Amino acid sequence: MPIAFTALTNVIRALAMDAVQQANSGHPGMPMGMAEIAEVLWRRHLRHNPGNPHWPDRDRFVLSNGHGSMLLYTLLHLTGYDVSIDDLKNFRQFRSKTPGHPEVGHTPGVETTTGPLGQGLANAVGMAIAEKVLAADFNRPGHEIVNHSTYVFLGDGCLMEGISHEVCSLAGTLGLGKLIALYDDNGISIDGHVEGWFTDDTPQRFAAYGWQVIAAVDGHDGEAVDQALRAARADSDRPTLICCKTRIGEGSPNKVGSHDVHGAPLGSDEVAATRAHLGWPHAPFEIPDAVYSSWDGRMRGNVFENNWQARFATYQAAFPELAAEFSRRTNGELPADWNATAAQALAEVAGKAENIATRKASQNAIGAFAPQLPELIGGSADLAGSNLTLWKGSQGISRTQGGNYVYYGVREFGMTAIANGLALHGGLIPYTATFLVFSDYARNAIRMAALMKVRQIMVYTHDSIGLGEDGPTHQPVEHVASLRLIPNVDVWRPADASETAVSWIAGIERNDGPTILALSRQNLPPVSSGVAPEVIRRGAYVLADCADPQALLIATGSEVKLALDARQALADEGIAVRVVSMPCAEVFDRQEASYREAVLPRALPRVAIEAGVSSFWRKYVGLDGAVIGIDRFGESAPADQVFDYFGFTVTNVVTTVKTVL
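It should be emphasised that the depicted structure is a prediction, and the values quoted were computed from it without experimental measurement.

1. A closer look at the overall build of the chain
And step 1. For the chain, the helix and strand inventory stands at 28 helices and 20 strands.
And step 2. Relative to a compact globule of 661 residues, whose C-alpha radius of gyration would be 26 Å, the chain shows 28 Å and is just as compact.
And step 3. By principal-axis analysis of the C-alpha atoms, the chain measures approximately 90 × 60 × 45 Å.
And step 4. Taken over 661 residues, the chain has a buried fraction of 60%.
And step 5. Considering only contacts in the chain between residues 6 or more positions apart, those separated by 24 or more positions represent 77%.

2. Regarding the UniProt feature "binding site: thiamine diphosphate" (unreviewed entry) in the chain
And step 1. In the numbering used here, UniProt assigns the "binding site: thiamine diphosphate" (unreviewed entry) feature to H67, G115, P116, L117, G157, N186, H262 and F438. The named residues occupy 372 residues along the chain; their greatest pairwise C-alpha distance, 34.8 Å, places them well apart from one another.
And step 2. Within the element layout of this structure, P116 appears in the loop between α5 (85-89) and α6 (119-138).
And step 3. On the accessibility criterion, P116 (30% relative accessible area) is partly exposed.
And step 4. Setting aside anything within four residues of it in sequence, one finds P116 in contact with N444 and M448.
And step 5. Considering the arrangement of structural elements, one finds G157 in helix α7 (residues 156-160).

3. Comments concerning the layout of surface pockets
And step 1. In this structure, the largest pocket encloses a volume near 900 Å³.
And step 2. Listed by contribution, the elements that provide at least two residues to the lining of the largest pocket are α14 (320-330) and α18 (412-425).
And step 3. Here the lining of the largest pocket is composed, by residue class, of 16 nonpolar, 12 polar and 9 charged.

4. Some thoughts on the packing of aromatic side chains
And step 1. Under the criterion given, the structure shown has 22 aromatic pairs.
And step 2. Between W42 and F61, the ring centres sit 5.3 Å apart and the planes meet at 80 degrees, which makes this aromatic pair edge-to-face. One end of the pair, W42, is in helix α3 (residues 35-45); the other, F61, is in strand β1 (residues 60-63), and 19 residues separate them in sequence.
And step 3. Take W42: its relative accessible area is 3%, and that puts it in the buried class.
And step 4. Ring centres 5.0 Å apart and planes at 90 degrees place the aromatic pair F206 and W211 in the edge-to-face group.
And step 5. F206 gets classed as buried once you look at its relative accessible area, which sits at 0%.
And step 6. Site record: aromatic cluster; members linked through ring pairs are F138, W308, F312, Y315, F319 and F326.
And step 7. Taking NZ or CZ as reference, R538 lies 3.8 Å from the ring centre of Y595, over its face.

5. Some words on α14
And step 1. Taken as a whole, α14 has its buried residues at A323, F326, R328 and R329.
And step 2. Following α14 by one or two positions, G332 has its phi on the positive side, about 75 degrees.

6. Concerning the domain arrangement of the chain
And step 1. Looking at the assigned domains, one finds that the chain contains domain 1 (7-301), domain 2 (337-518) and domain 3 (538-659).
And step 2. Centre-to-centre, using C-alpha coordinates, domain 2 lies 25 Å away from domain 3.
And step 3. Between domain 2 and domain 3, the contact holds 22 residues from the first and 32 residues from the second.
And step 4. Here domain 2 and domain 3 share 4 salt bridges between them.
And step 5. Note that E610 is salt-bridged to R493, the shortest N-O span being 3.8 Å.
And step 6. In this structure, the connection of domain 2 to domain 3 is made through 14 residue pairs in polar contact (both at pLDDT 80 or more).
And step 7. Secondary structure elements with two or more residues in the side of domain 2 that touches domain 3: α20 (479-484) and β13 (490-492).
And step 8. Its residues assigned to classes, the side of domain 2 that touches domain 3 shows 11 nonpolar, 5 polar and 6 charged.

7. Concerning the UniProt feature "active site" (unreviewed entry) in the chain
And step 1. Following the UniProt record, the feature "active site" (unreviewed entry) maps to E412 here.
And step 2. With respect to the helices and strands, E412 occurs in helix α18.
And step 3. Owing to a relative accessible area of 8%, E412 belongs among the buried residues under this scheme.
And step 4. Beyond its immediate stretch of four places on either side in the chain, E412 contacts E166, A381, T434, F438, Y441 and A442.

8. Examining the sheet that holds strand β12 (residues 457-461)
And step 1. The sheet built from 6 strands is open, its strands ordered β10-β9-β11-β12-β14-β13 with parallel pairing. Unpaired on one side and paired on the other, β10 (405-407) and β13 mark the two borders of the sheet. Direction aside, the axes of adjacent strands within the sheet are offset by 20 degrees on average.
And step 2. Bridge count between strand β9 (residues 376-380) and strand β11 (residues 429-435): 2 bridges; the pairing is parallel. The residue bridging I377 from the neighbouring strand is P430, located in β11.
And step 3. Packed on one face of the sheet, α18 meets β9, β11 and β12 and runs near 170 degrees to β11.

9. Focus: the sheet that holds strand β6 (residues 212-218)
In a beta sheet, neighbouring strands pair by backbone hydrogen bonds and run either parallel or antiparallel.
And step 1. A sheet is described by the order of its strands in space; here 5 strands give the open sequence β1-β2-β3-β7-β6, paired in parallel fashion. Where the open sheet ends on each side, the last strands, each with one partner, are β1 and β6. Sheet twist, expressed as the mean angle between neighbouring strand axes with direction ignored, is 15 degrees.
And step 2. When strand β2 (residues 150-155) meets strand β3 (residues 179-185), the two strands line up parallel, connected through 6 bridges. Along β3, the bridge assignment pairs F153 with L182.
And step 3. Most of the contacts of helix α10 (residues 222-234) go to β6, to which it runs at about 175 degrees, and overall it touches β2, β3, β6 and β7 (240-245).

10. Quick look at helix α19 (residues 439-452)
And step 1. Compared with the 20 Å implied by 1.5 Å per residue over 14 residues, the 18 Å span of α19 between its first and last C-alpha is a close match.
And step 2. In the structure, α19 departs most strongly from a straight axis at A445, where the bend amounts to approximately 35 degrees.
And step 3. Where α19 is buried, its residues touch α6, α18, β11, β12, α20 and β14 (515-518).
And step 4. Phi turns positive one or two residues past the end of α19, at K453, with a value near 60 degrees.

Analysis parameters
- Residues numbered from 1 in each chain as written.
- Predicted model: local features only at pLDDT ≥ 70, side-chain atom pairs only at ≥ 80, totals over all residues.
- Heavy atoms only, no water.
- Helix = DSSP H or I, 4+ residues; strand = E, 2+ residues; numbered from the N terminus.
- Rg over C-alpha atoms; globule rule 2.2 N^0.38 Å.
- Buried < 20%, exposed > 50% of the residue type's maximum accessible area, 1.4 Å probe, protein only.
- Contact = heavy atoms within 4.5 Å.
- UniProt positions renumbered as here; feature names shortened; annotations may be inferred.
- 1 Å grid on protein atoms, 1.4 Å probe; cavity = no way out; pocket = protein on both sides within 12 Å on 5 of 7 lines; lining within 4 Å.
- Points joined across faces, edges and corners; volume = space filled by probe spheres on them.
- Nonpolar A, V, L, I, M, F, W, Y, C, P; charged D, E, K, R; others polar.
- Phe/Tyr/Trp six-rings, centres within 6.5 Å; stacked < 30°, edge-to-face > 60°.
- Lys NZ or Arg CZ within 6 Å of the ring centre and 35° of its normal.
- Domains from an automatic or database assignment.
- Salt bridge = Lys/Arg side-chain N within 4 Å of Asp/Glu carboxyl O.
- Polar contact = N/O pair within 3.5 Å; in protein donor to acceptor, adjacent residues only side chain to side chain.
- Pairing = 2+ DSSP bridges.
- Axes fitted to C-alpha atoms, helices over the stretch in contact; angles between N-to-C directions.
- Expected span 1.5 Å × (residues − 1).
- Bend = angle between axes of the 7 residues up to and from the residue.

Below, the structure written as structure tokens:
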């Protein structure tokens, strides 16, 4: 049966093909194929306000198949967001509002940065968990101020990615009934028809996860899509997958259904043929007033938000303290007494001067901060007892209740991407955890956290060859240096409990990017006693000094104590050495030049000590300095023996210092 094309959907197709054609780059096929699905969702179901993209109780929309970004930009423009027709004309151009893939914080109305397939879906799961948690925290009988849905568009590629299994399995287990995914089942990926490499029974797969599955929906039949969305919203106990059968590039008479339309412009001849086929006589980027009027969502959005504001005012009158707390958390503000809480926790740590593993010091910090910071939401990838991320007030989130702790299972990638969604939603500060060596599994989600500047604290324990007997498969040697290479990530490797507490405070207070804590399995003695927290916060500081130092030792984490012991041995031989603890190189590098020079004078020969690959430290020691590191995989043995074998000894440090003098 021929498709009944309408102006409301054809305008999406026209803008998508015209913008890609003008840019001579992009993906027109998906926007053209999902036009009816988008029109039904955005005009009939999505509760949003183009005049206020950050209204707290708005529905969230995620374009997981982010290569089809012109679909989202078109929807934002048509419904009245601050995305102009000139912005669409500048698609994929330098510093335009319409980059190649959607970027949160860059384009009004974009909820998350997507493009790496599957991660948008994972972010959406995190947003749905956030809605569940905040609803449990704040809703009261007769007063629902948190009640919104999360919608996600996804394609075959998202479902092929392994992360889709990780996060959708967990979403089903948690019964995230406010999560609705619309699957663009067009059977095409970049290499062609997917039946050669993707023949999963997707409906049965999601049914096995515990999702409601609405299969075999004609994605070009608006009424069928509408009915499916109504059925999805009616099931509050399960997330829903709506399988929409579509034709990629719909409307293109010669390229429809072909991978040729996936990731390349149609070409001027096919653009003209598509206009004729659609009966769309308008010039590129020309939209009739009647179409604009029908799409405009500003009045509808104001009604949605005004109704919510009225409900919130009633809630505020009934529960003034809860209302104030809700506003504080959704505005991303820390509690008014946060500085006092942090100072008290630091004083207690300094007073105890404990000889403990920094993973245990981290747990102590969580226990000190979490009672005063209800937005803190934790989780571990099936290693809570080793990562020490639980505290006495931890409450696991389940199908039937909210809470403040997610048992992620063995899902490092999914965990990190879900936590990105938790942070993006607002009202929560997530922390996640696994062994440092398994950060590799999560790496692209770490990168996305950095790119999106989300506040997530990543607790990575068992941080070096100090792990010992588990051997090289579990001993991270390249990981700290590798994570330091990711722009906008602060990597803290604290030397004791005080530095650990300071690193936690830094992560909590940082609102422009993620923080990584690399923590020891083995006990570490207190080394920073008497050092002011604000000094530690600078990323590196002089820990031990002398009147006229001849050389300088830089160390992090468990190797700081080694540096101090070597300093004493050198002093016994008449060689004066300064010791610098550098728990966070990134923070140190952001300090003013005068401070950096005062801590690391250029005239002093330098030796860096860290139980990891040595190449990172060349930026600090120079060609004439030395690095005591480990540039091969580790060994399975008790930690002390492994450290001795690889030269992390006072004798080797002393010898190395002498070579640079």
